[in-house]
Amino acid sequence: SMTVTMANEEAVMKRQEAPNGCQKLRCFPNPVCSRIRRPRPAGIERRAWLPCNGMLPAMKLLPAIDLRGGKVVRLLKGDYDRQTTYGDDPVAQAQAFEQAGASWLHVVDLDGARSGKPEHTAVISRICRETKLAVEVGGGIRDDASIQQLLEAGVTRVILGTAALRNWDWFR
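Presented here is a report on the structure given in the accompanying data block. (Residues numbered from 1 in each chain as written. Predicted model: local features only at pLDDT ≥ 70, side-chain atom pairs only at ≥ 80, totals over all residues. Heavy atoms only, no water.)

**Concerning the sheet that holds strand S7 (residues 79–87)**
- Judged by pairing direction, the sheet is mixed, and its six strands sit side by side in the order S7-S6-S5-S8-S9-S10 without closing on themselves. Either end of the sheet is taken by a strand with one partner, and the two such strands are S7 and strand S10 (157–159). Strand after strand, the sheet turns through a mean of 40 degrees between neighbouring axes, direction not considered.
- Of the pairings in the sheet, the one linking strand S8 (residues 104–109) to strand S9 (residues 134–138) comprises five bridges and is parallel in character. Its bridge partner being in S9, Trp-104 is matched across the sheet by Ala-134.
- Lying over the sheet, helix H4 (residues 121–130) contacts strand S5 (64–68), S8 and S9, oriented at roughly 165 degrees with respect to S9. (Pairing = 2+ DSSP bridges. Helix = DSSP H or I, 4+ residues; strand = E, 2+ residues; numbered from the N terminus. Axes fitted to C-alpha atoms, helices over the stretch in contact; angles between N-to-C directions. Contact = heavy atoms within 4.5 Å.)

Given below as structure tokens:
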């Protein structure tokens, strides 16, 4: 069994054998947390089927850098008025992620997302040049020229959001 954290509560995941040989995960409340008598988080009783080899599906976690005003930031629930600044040097932050063992980096150009065009291409280009990380970028990418500019800067993957939803014919 393994312990997972869900909505500030712990639950114990236990594997159960299904009739067809596949395994099923079943979530049980942790006895310590149950004594606190807080309501159980939504979905705690949900079950998930595992592949027949019993392995959990592969999941890749990517470190992320959100860029705003040339700084490494996080927005609380996407609110531009509720920003936490983590550093002034995005390249140094990317290098720290690389030294910690990351092979990919997710970058969001928050200024670009707001203006509708990439604003931090120079910084993103430096990250690509000064690290060996595969970099994916989103934020403000709404046309072919922006995609080309980022690919020429060394970006491995471009993420389209608003443009794909608003202009489906262009996206296809």
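So that's the structure; there's more coming.
**Comments concerning helix H2 (residues 90–99)**
- Those residues of H2 lying buried are Pro-90, Val-91 and Ala-94. All buried residues of H2 project into a common sector of 100 degrees when viewed along the axis, lining one side.
- Where H2 begins, the capping side chain belongs to Asp-89, and its oxygen is found 3.2 Å from the backbone nitrogen of Val-91.
- Remark: Gly-101 follows H2 within two positions and exhibits a positive phi of approximately 110 degrees. (Buried < 20%, exposed > 50% of the residue type's maximum accessible area, 1.4 Å probe, protein only. Arc of directions from axis to C-beta. Polar contact = N/O pair within 3.5 Å; in protein donor to acceptor, adjacent residues only side chain to side chain.)

**Notes on the pairing of S7**
- For strand S6 (residues 71–76) and S7, the ladder comprises five bridges, and the chain directions are antiparallel. Each bridged residue has a counterpart across the sheet, and for Leu-76 the counterpart in S7 is Asp-79.
- Adjacent in sequence and paired antiparallel, S6 and S7 are bridged by two residues, among which Lys-77 carries a positive phi angle near 55 degrees.

**Some details on the packing of aromatic side chains**
- By the definition in use, this model includes zero aromatic pairs.
- Taking the ring centre of Tyr-80 as reference, the NZ or CZ of Arg-114 above it sits at 4.0 Å.
- Over the aromatic face of Trp-104 sits the side chain of Arg-157, whose NZ or CZ is 4.1 Å from the ring centroid. (Phe/Tyr/Trp six-rings, centres within 6.5 Å; stacked < 30°, edge-to-face > 60°. Lys NZ or Arg CZ within 6 Å of the ring centre and 35° of its normal.)

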